[in-house]
Amino acid sequence: MSPAIQPTVIVVGSGLAGLSAVYAALQSGARVHLLDRSPKLGGNSIKASSGINGAGTPAQEAAGVKDTQTQFYNDTARSGGARFKTASTIPGFDREALVTRLSTESADAVRWLSDEIGVDLSVVAQLGGHGVARTHRGKGKPPGASIVLTLLDRLKASDNFTLLSSADVTSLLQHDGAVTGVAYTQDDTEHTLAGRVVVASGGFAGDASMLATYTPALAGLPSTNDPRPGSHALLTAVGAQLLDMDSVQIHPTGFVDPATPGARLKFLAGEMLRGEGGILLSPSGSRFVNELDTRAAVSKAIMDAFPSVDEDGTRQWDITLLLDPGAAAAAASHIGFYEWKGLLRKVKLATLSPEVVASVRAYAAAVDAGSADPFSRPAYGHWKLKPDAESLAQAEVYIGRITPVVHYTMGGAAIDTGGRVLRATGGGVVPGLWAAGEVTGGVHGDNRLGGNSLLECVVFGLAAGNGAARGS
Ligand SMILES: Cc1cc2nc3c(=O)[nH]c(=O)nc-3n(C[C@H](O)[C@H](O)[C@H](O)COP(=O)(O)OP(=O)(O)OC[C@H]3O[C@@H](n4cnc5c(N)ncnc54)[C@H](O)[C@@H]3O)c2cc1C
Ligand SMILES: *[C@@H]1O[C@H](CO)[C@@H](O)[C@H](O)[C@H]1NC(C)=O
Ligand SMILES: *[C@@H]1O[C@H](CO)[C@@H](O)[C@H](O)[C@H]1NC(C)=O
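Residues numbered from 1 in each chain as written. Chains lettered and ligands numbered in written order. Predicted model: local features only at pLDDT ≥ 70, side-chain atom pairs only at ≥ 80, totals over all residues. Heavy atoms only, no water.

Asker: Sorry, what's going on with helix α15 (residues 452–470) here?
Answerer: The end-to-end C-alpha separation of α15 is 27 Å, in line with the 27 Å expected for 19 residues at 1.5 Å each. Counting buried positions along α15 gives 16 out of 19 residues, so the element sits mostly inside the fold. Two residues or fewer past α15, Gly-471 is found with a positive phi of approximately 80°. (Helix = DSSP H or I, 4+ residues; strand = E, 2+ residues; numbered from the N terminus. Expected span 1.5 Å × (residues − 1). Buried < 20%, exposed > 50% of the residue type's maximum accessible area, 1.4 Å probe, protein only.)

Asker: Sorry if this is basic, but what is going on with the site of ligand 1 here?
Answerer: What surrounds ligand 1 is a group of 40 residues, the closest being Asp-36, Ser-45, Ser-50, Ser-231 and Glu-438. Between ligand 1 and Leu-16, the relevant distance is 3.3 Å, taken from an oxygen atom to a main-chain nitrogen or oxygen of the residue. A distance of 3.5 Å is found between an oxygen atom of ligand 1 and a backbone nitrogen or oxygen belonging to Gly-451. Secondary-structure elements contributing two or more residues to the shell around ligand 1 are α1 (16–27), β7 (168–175), β19 (396–409) and α15. (Near = heavy atom within 4 Å. Polar contact = N/O pair within 3.5 Å; in protein donor to acceptor, adjacent residues only side chain to side chain.)

Asker: Sorry if this is basic, but what is going on with the packing of aromatic side chains here?
Answerer: The description of an aromatic ring pair uses the distance of the two centres, along with the angle that the planes make with each other. According to the stated counting rule, one finds 9 aromatic pairs in the structure shown. For the ring pair Tyr-23 and Trp-112, a centre distance of 5.0 Å and an interplane angle of 65° mean the geometry is edge-to-face. Residue Tyr-23 is located in helix α1, and its partner Trp-112 is located in helix α5 (residues 106–117); the two are separated by 89 residues in the primary sequence. Residues Phe-337 and Trp-340 carry aromatic rings whose centres are separated by 5.9 Å and whose planes lie at 40° to one another, so their mutual orientation is tilted. Pair noted here: Phe-337 and Trp-340 are both in helix α12 (residues 332–340), with a separation of 3 residues, about one helical turn. Judged by its relative accessible area of 34%, Phe-337 falls in the partly exposed class. We classify Trp-340 as exposed; its relative accessible area is 68%. One aromatic cluster is present, formed by Phe-255, Phe-267, Phe-337, Tyr-338 and Trp-340 through successive ring pairs. Directly above the ring of Phe-84 sits Arg-95, whose terminal nitrogen or CZ lies 5.7 Å from the centroid. The ring of Tyr-408 carries Arg-448 above its face, with NZ or CZ at 4.2 Å from the centroid. (Phe/Tyr/Trp six-rings, centres within 6.5 Å; stacked < 30°, edge-to-face > 60°. Lys NZ or Arg CZ within 6 Å of the ring centre and 35° of its normal.)

Asker: In this structure, what is going on with the environment of Val-9? I would like to understand it.
Answerer: Checked against the element boundaries, Val-9 lands in strand β1 (residues 8–12). Assessed through its relative accessible area of 0%, Val-9 is described here as buried. As a C-alpha pair, Val-9 and Val-22 span 13 residues in sequence and 8.2 Å in three-dimensional space. Other than its neighbours up to four places away in sequence, Val-9 contacts Ala-25, Ala-30, Arg-31, Val-32, His-33, Arg-196, Val-198, Ala-468 and Ala-469. (Contact = heavy atoms within 4.5 Å.)

Asker: Where do I start with the side chain of Ser-28 in this structure?
Answerer: Along the chain, Ser-28 turns up in the loop between α1 and β2 (31–35). For Ser-28, a relative accessible area of 19% puts it in the buried group. Only 2.6 Å separates the side chain of Ser-28 from the side chain of Asn-466, close enough to count as a polar contact.

Asker: Can you help me understand the packing of helix α3 (residues 69–80) against helix α4 (residues 95–104) in this one?
Answerer: When two helices pack together, you describe them by how their axes are tilted relative to each other and by the distance separating the axes. Put simply, α3 and α4 touch, their axes get as near as 9 Å, and they point 135° apart. If you check the angle between α3 and α4, you find them oblique. When the axes of α3 and α4 are compared, the crossing they make is right-handed. Where α3 abuts α4, its residues Gln-69, Phe-72, Tyr-73 and Thr-76 lie against Glu-96, Val-99, Thr-100, Leu-102, Ser-103 and Thr-104. Looking at side-chain class alone, the contact of α3 with α4 contains 4 nonpolar, 5 polar and 1 charged residues. (Axes fitted to C-alpha atoms, helices over the stretch in contact; angles between N-to-C directions. Parallel < 35°, antiparallel > 145°, perpendicular 65-115°, else oblique. Left-handed = near helix turned anticlockwise from the far one by under 90°. Nonpolar A, V, L, I, M, F, W, Y, C, P; charged D, E, K, R; others polar.)

Asker: Even after reading the chapter, I still don't get unusual backbone geometry, so can you show me in this structure?
Answerer: Trans peptide bonds make up most of the peptide bonds, and negative phi angles are found at most residues other than glycine. Despite not being glycine, Asp-244 shows a phi value in the positive range, around 60°. Counting through the fold element by element, Asp-244 comes out in the loop between β11 (242–243) and β12 (248–255). Although it is not a glycine, Ser-376 adopts a positive phi angle of roughly 65°. Relative to the helices and strands, Ser-376 resides in the loop between α13 (354–369) and α14 (389–394). Judged by its relative accessible area of 54%, Ser-376 is exposed.

Asker: I keep staring at the pattern of salt bridges and nothing clicks. Help me out?
Answerer: For side chains bearing opposite charge, pairing can occur when the charged atoms are close. Summed over the entire model, instances satisfying the criterion amount to 21 salt bridges. Arg-83 is paired through a salt bridge with Asp-246; the nearest N and O atoms lie 2.7 Å apart. A residue pair is termed long-range when its members are at least 10 positions apart, and Arg-83 in the loop between α3 and α4 and Asp-246 in the loop between β11 and β12 qualify at 163 residues. For the salt bridge of Asp-108 with Arg-111, the shortest nitrogen-to-oxygen distance reads 2.6 Å. One end of the pair is Asp-108 and the other is Arg-111, both in helix α5 and 3 residues apart, which spans about a single turn. Relative accessible area serves as the criterion here: at 41%, Asp-108 is assigned to the partly exposed category. Overlapping salt bridges bring together Arg-83, Arg-95, Asp-244, Asp-246 and Asp-446 as one network. (Salt bridge = Lys/Arg side-chain N within 4 Å of Asp/Glu carboxyl O.)

Shown next as structure tokens:
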């Protein structure tokens, strides 16, 4: 290919969707410019802690897990709820086809990251809403950081790749209805760049104003996402259709830091803390929910039953996460970090309120007797604390305060299975424009399954980058 006709692809956003698009566009022979408005690369992708889904992978086989693409498709559609039962009115938008592509290419996505890029994804875990263990991570560093950093290193090696950080894309350029490039600001200077465009600018769970517009009921809630304006308006300005914008995922357990209780940004208390045996206690010290239910169900149990408190303008709840010595030992690699951060602290159980001690005694008795949980918790994890007076008097437990937090935005721009952006009116796609990752909507319906976001970034990021390089 002569340099004169080598296509230029511009990717907006350096999270996993953007990095995947860059990789595929380079492979397809394009020159690629990656722009991120932040000086720090990796977006929310670099914070991902649970992992990426894949059905039918070598890691699952090694762990003795039997899984199929159909089972994975079914779990995703079931979690997506009513949205999957309602026919689409957007021409060219096909939710089932998107999830089919997501599930059939999931094992390839995991294989690409592990075999081609070199990321360790050898450990599988079962998250809420999944029928089997299919969320992959490595043995060391959290998966988001190891995926993003390894991939970035790989991309930087290509001389067809240009990286611009602190470059804020302010609009998409258009000619005759087609997207022809971007306008961006860097160092207070306006620039333009010509090329086909992949928008991978992430969600709006860090944008209080967009949240207030689309989900007024969630106004004031804290978030696991850094404050950051959504960039969806870049897309709507050139005719894109948004959908599912009122589907916002609440995660039940964000840590309230005692040093800065009113802070809007919360650290996530990973699902694993409950999975390994942690329990949740109400403001008055009682258990009230099956801690292993879906994110939506546990969040609802908290928000419907207990009054919120306003702290520095942040609307939050006062729920206690408690781990006995058994659960704490099983989660040791994470506990040390949370304790160092001041989010969990080790205390003598006997120093806590009589209500908390009574709840722990009753729970320990049920676990000890192997009897059914009154809240139908299906498994007790590694809880070991015994209910006798001596054990309770001696026990040291970990406690932390948690609250429901805004975590992820399911809605976004409608795309076809190739990542082309669909028009709001008149049908068809916006020529010259692709999108991938959390800025798009449709795959997750009403409720995202844990691990499906990183997967969507890879599957549709690769598709979009490849499409943009080829121009189709
Ligand atoms: C704490 C936490 C843990 C999570 N854990 C998991 C997990 O284990 N598994 C999973 O599947 N998902 C997880 N998620 C969700 C997942 O990480 C994100 O939804 C996903 O990574 C989004 O990727 P993205 O590439 O679409 O966007 P992001 O990674 O958010 O990247 C978007 C980038 O675009 C840039 N940008 C935005 N607008 C512009 C503009 N106008 N100009 C230039 N640049 C712009 C931003 O600066 C940002 O760097 C987690 C999320 C959080 C917050
Ligand atoms: C850059 O792109 C050109 C044209 O596609 C190609 O010949 C060259 O090998 C690429 N360079 C790298 C390092 O991939
Ligand atoms: C998936 O769901 C379909 C439709 O409900 C059902 O017929 C099929 O048996 C399910 N397959 C698996 C593997 O769960």
